[in-house]
Amino acid sequence: DESVALVEAYAKEQGMWLGADTAEARYSEYIELDLSTVVPSIAGPKRPQDRIELSAAKESFRKVLPTYVAHEEGDAGDARSFPASDPGIDDGGEKPADGKANGRPSKKVSVTDAEGRTFDIDHGIVSIASITSCTNTSNPSVMMAAAMLAKNAVEKGLTVAPWVKTSMAPGSKVVTGYYDKAGMWPYLEKLGFHLVGYGCTTCIGNSGPLGEEISQAINDADLAVTSVLSGNRNFEGRINPDVKMNYLASPPLVIAYALAGTMDFDFESEPLGKDADGNDVFLKDIWPAPEDVESTIAASINQDMFTEDYADVFAGDHRWQSLPTPEGDTFAWDGESTYVRKPPYFDGMSMEPSPVSDIEGARVLAKLGDSVTTDHISPAGAIKTDSPAGKYLADHGIERKDFNSYGSRRGNHEVMIRGTFANIRLKNLLLDGVEGGFTRDFTKGGEQTTIYDAAQSYAEAGTPLVILSGKEYGSGSSRDWAAKGTSLLGVKAVIAESYERIHRSNLIGMGVIPLQYPAGQNADSLGLDGTETFSITGITALNEGTTPKTVKVVATKDGGQTVEFDAVVRIDTPGEADYYRNGGILQYVLRSLVAS
């Protein structure tokens, strides 16, 4: 009550409180939405902005599946998309071509799992169905609808296919409370939706492994399988290393797709199974009525649940409370820790920033296409044994079972830089037909190696690095490690057709200058293949207190031919210019604190 009163008082003081006598607010733009046009939708298979009407989901899946089978991942089928970067600068670009197929690719593989069950899996199976995320699970309407859908399905005798890995990870213990009170847990658990924890799970790549037999069959047969989750992000390689296609859906639709067992499914015309009398059961037969959902919520949720569950939310259990707490004015770094290590951001830092310099003799670490997201760049998910990060942990005596995830080790820059640009779906165009965190090392004749190992070779040679990219570079979540890892790998500049606004700013915050090709140009139109040596001049104008609109880029090929163009400097504000002059926002803030 005290918090509510405080919010009300603040809103009134700021003129944001709406009352009966409040004058109607004036807006620069009005948007009208006809609610009759709102239809059930999902998003996928690799970007959250690619919306697909549920009625067209099967057709959309069949349209895009051939490109995943052929490792030429294209568009999201019939998804309706919107640009994810730089409004007004470009239209988001044309998406890659769709795969066309009359039927659908099929490659059935027989699997016998650990429980002795034998079944066939194929392209398009739903291998993961997870009700998760901090946002969707906070809405009692969709959560209760999902539980009631599960209840209706169980009562009709429906089951989830054995190849579907199911999980329930609400963002709050309140969900557990109202499920208990409404008697819903037994039905959810009957379908395999057991509580796995509260917090970030499948949405951030912490799905856990698929069944060993299923995982091996998927990889041996190179199957294009799917996940369906009620999360916020579905970028490539994010959810699970075995899963190529990821779809976002509401919690009830996650239950529905778990029952279907495949994305190749039309809920309108195909039954989910049969009841005890042998009658077909369709999704519409088990979908709970809105009034039933609301009445169940009214009988199962009250204010006391939230008050009690959040009263000691920061207390932690006995394990948290028993952790030793060091004392002192500065953090006591543990030199042996593989979780938290002292980062190098302030190494060699002086009170006065050094003048910024032009970039000479730079090589290309990666040449990338359109819509490279922060999930392609930033480390996320499980740490593979044969990856640079896995080898680092093994060298430090960490057993495979204790590798944990990149997210859990984000306090160790040594792990994180080894996972930067290491997404299993990343396509570095310096290489032909290779996916993952690989590149060419031109200090060793252009041989293929990991991006991390190449970056180390360039660092030893004193060679700065650049990234070439297409449209929408850095779209997706505003992941700090996408910029941190880029900087720590030795990248000094990114040259792209357009940027997602937050990542562009984050690059500057880590001392990396974002540059943009001239309008209508890109790496291919300029004849750049990534084997060139780059010089970028004109950056030093920042030392005079101004921000140049363009800088001169000269790319020299092996034969001595040059490609020259003026790149647009995407340092968009005076504040960003100050960050860049200081080597990054961390150095800027520290110097400002000391000076004050």
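Along each chain, residue indices are assigned from 1 in the same order as the chain's sequence is written. This being a predicted model, a pLDDT of at least 70 is required before a residue's local features are given, and a value of 80 or more before pairs of side-chain atoms are given or counted; all residues contribute to the totals for chains, interfaces and linings. To get the side-chain values, take all heavy atoms of the structure and skip hydrogens and water.

Novice: Quick rundown of unusual backbone geometry? Include the residues and the values.
Specialist: The bulk of non-glycine residues show a negative phi, and the bulk of peptide bonds are trans. In the segment running from Gly-44 into Pro-45, the intervening peptide bond is cis, with an omega of 10 degrees. Checked against the element boundaries, Pro-45 lands in the loop between strand E1 (41-43) and strand E2 (51-53). The residue Phe-421 is not glycine, and still its phi comes out positive at about 60 degrees. Burial here depends on accessible area, computed with a 1.4 Å probe over protein chains only, as a share of the maximum for the residue type. Under 20% is buried, over 50% is exposed, and the range in between is partly exposed. We classify Phe-421 as buried; its relative accessible area is 0%. Helix and strand labels come from DSSP, where a helix needs a run of H or I of at least four residues and a strand needs a run of E of at least two; each type is numbered from the N terminus.

Novice: Please provide a residue-by-residue account of the side chain of Thr-373, values included.
Specialist: Among the structural elements, Thr-373 can be located in the loop between strand E11 (359-367) and helix H12 (374-377). What Thr-373 contacts, discounting residues up to four positions off in sequence, is Phe-235, Gly-474 and Ser-475. By definition in these notes, contact holds between two residues if any of their heavy atoms fall within 4.5 Å.

Novice: Explain the sheet that holds strand E15 (residues 491-496) to me, and be specific about the residues and the numbers.
Specialist: Taken in spatial order, the seven strands of this closed barrel run E11-E14-E15-E16-E19-E18-E17, and their pairing is mixed. Here the strands of the sheet are splayed against their neighbours by 35 degrees on average, with no regard to which way each runs. For two strands to pair, DSSP has to find at least two bridges joining them. Both strand E14 (residues 465-468) and E15 contribute to a ladder of four bridges, which runs parallel. Bridging across to E15, Leu-468 finds its partner in Ile-495. Axis definition: a line fitted to C-alpha atoms, over the contacting stretch in the case of helices. Angles run 0 to 180 degrees between N-to-C directions.

Novice: For the environment of Val-4, give the residues involved together with the corresponding values.
Specialist: Position of Val-4 among the secondary structure elements: in helix H1 (residues 2-13). What makes Val-4 exposed here is its relative accessible area of 56%. When the C-alpha positions of Val-4 and Asp-347 are compared, they lie 46 Å apart, and in sequence the two are 343 residues distant.

Novice: So, the domain arrangement of the protein: which residues are in play, and what are the values?
Specialist: The domain architecture assigned to the protein consists of domain 1 (41-66 + 106-300), domain 2 (359-376 + 426-595) and domain 3 (379-419). Domain boundaries shown here were taken from an automatic or database domain assignment. A C-alpha centroid distance of 39 Å is found between domain 1 and domain 2. Listed per partner, the contact involves six residues of domain 1 and nine residues of domain 2. Summed over both partners, buried area is the accessible surface (1.4 Å probe) that two parts give up on being assembled. Carbon and sulfur atoms make up 41% of the area that domain 1 and domain 2 hide from each other, which totals about 630 Å². Sorting the residues of domain 1 by area buried against domain 2 places Arg-47, Phe-235 and Glu-236 first, and these three jointly supply 63% of that buried surface. The term salt bridge refers to a pairing of a side-chain nitrogen on Lys or Arg with a carboxyl oxygen on Asp or Glu at a separation within 4 Å. Between domain 1 and domain 2 we count two salt bridges in total. Arg-238 is the partner of Asp-375 in a salt bridge, and the nearest nitrogen-oxygen pair spans 2.6 Å. Any N or O atom pair separated by 3.5 Å or less is treated as a polar contact, with the protein-specific requirement of one donor-capable and one acceptor-capable atom, and with residues adjacent in sequence counted only for side-chain atom pairs. Linking domain 1 with domain 2 are four residue pairs in polar contact (both at pLDDT 80 or more). Residue type decides the class: Asp, Glu, Lys and Arg count as charged, Ala, Val, Leu, Ile, Met, Phe, Trp, Tyr, Cys and Pro as nonpolar, and the leftover types, Gly among them, as polar. A per-class count over the side of domain 1 that touches domain 2 returns two nonpolar, no polar and four charged.

Novice: Residue-level account of the packing of helix H3 (residues 140-155) against helix H7 (residues 251-260), with values.
Specialist: At a minimum axis distance of 7 Å, the contact between H3 and H7 shows a crossing angle of 30 degrees. With respect to H7, the element H3 is oriented roughly parallel. In contact with Val-142, Met-143, Ala-145, Ala-146, Leu-149, Ala-150 and Ala-153 of H3, H7 contributes Pro-251, Pro-252, Ile-255, Ala-256 and Leu-259. Taken together, the residues that form the contact of H3 with H7 break down as 12 nonpolar, no polar and no charged. The cut-offs work like this: below 35 degrees is roughly parallel, past 145 is roughly antiparallel, 65 to 115 is roughly perpendicular, and the gaps in between are oblique.

Novice: I'd like a description of the packing of aromatic side chains, backed by residues and values.
Specialist: Here is the rule: rings of Phe, Tyr and Trp (six-membered ring for Trp) pair when centre to centre is within 6.5 Å. Planes less than 30 degrees apart are stacked, more than 60 are edge-to-face, and the remainder are tilted. For the coordinates displayed, the defined rule picks out 10 aromatic pairs. Centroid distance Tyr-179 to Trp-185: 5.3 Å. Interplanar angle 90 degrees. Geometry classified as edge-to-face. Take Tyr-179 and Trp-185: they sit in the same class, and that class is buried. An aromatic cluster of at least three residues, connected via ring pairs, comprises Tyr-178, Tyr-179 and Trp-185. The cationic tip of Lys-151 hangs over the ring face of Tyr-187; the distance from NZ or CZ to the ring centre is 5.5 Å. For the cation-ring pair, Arg-409 lies above Tyr-339, with the distance from its terminal atom to the ring centre recorded as 3.8 Å. Here, over-ring charges are defined by two tests on the NZ atom of lysine or the CZ atom of arginine: distance to the ring centre within 6 Å, and angle to the ring normal within 35 degrees.

Novice: An account of the nonpolar core is needed here, citing residue identities and associated values.
Specialist: Generally speaking, soluble globular proteins have nonpolar side chains that are buried together. We define the nonpolar core as a collection of buried residues of types Ala, Val, Leu, Ile, Met, Phe, Trp, Tyr and Cys that are connected through side-chain atoms lying within 4.5 Å of one another. Grouped together as the largest cluster of nonpolar side chains are 78 residues, with contacts concentrated most on Ile-42, Ile-121, Tyr-179, Phe-193 and Ile-255. Among the elements that take part in this core, H3 stands out by supplying nine residues, more than any other. Judged by nonpolar contacts, the second largest core, of 67 residues, contains Ile-417, Phe-421, Ala-482 and Leu-515.

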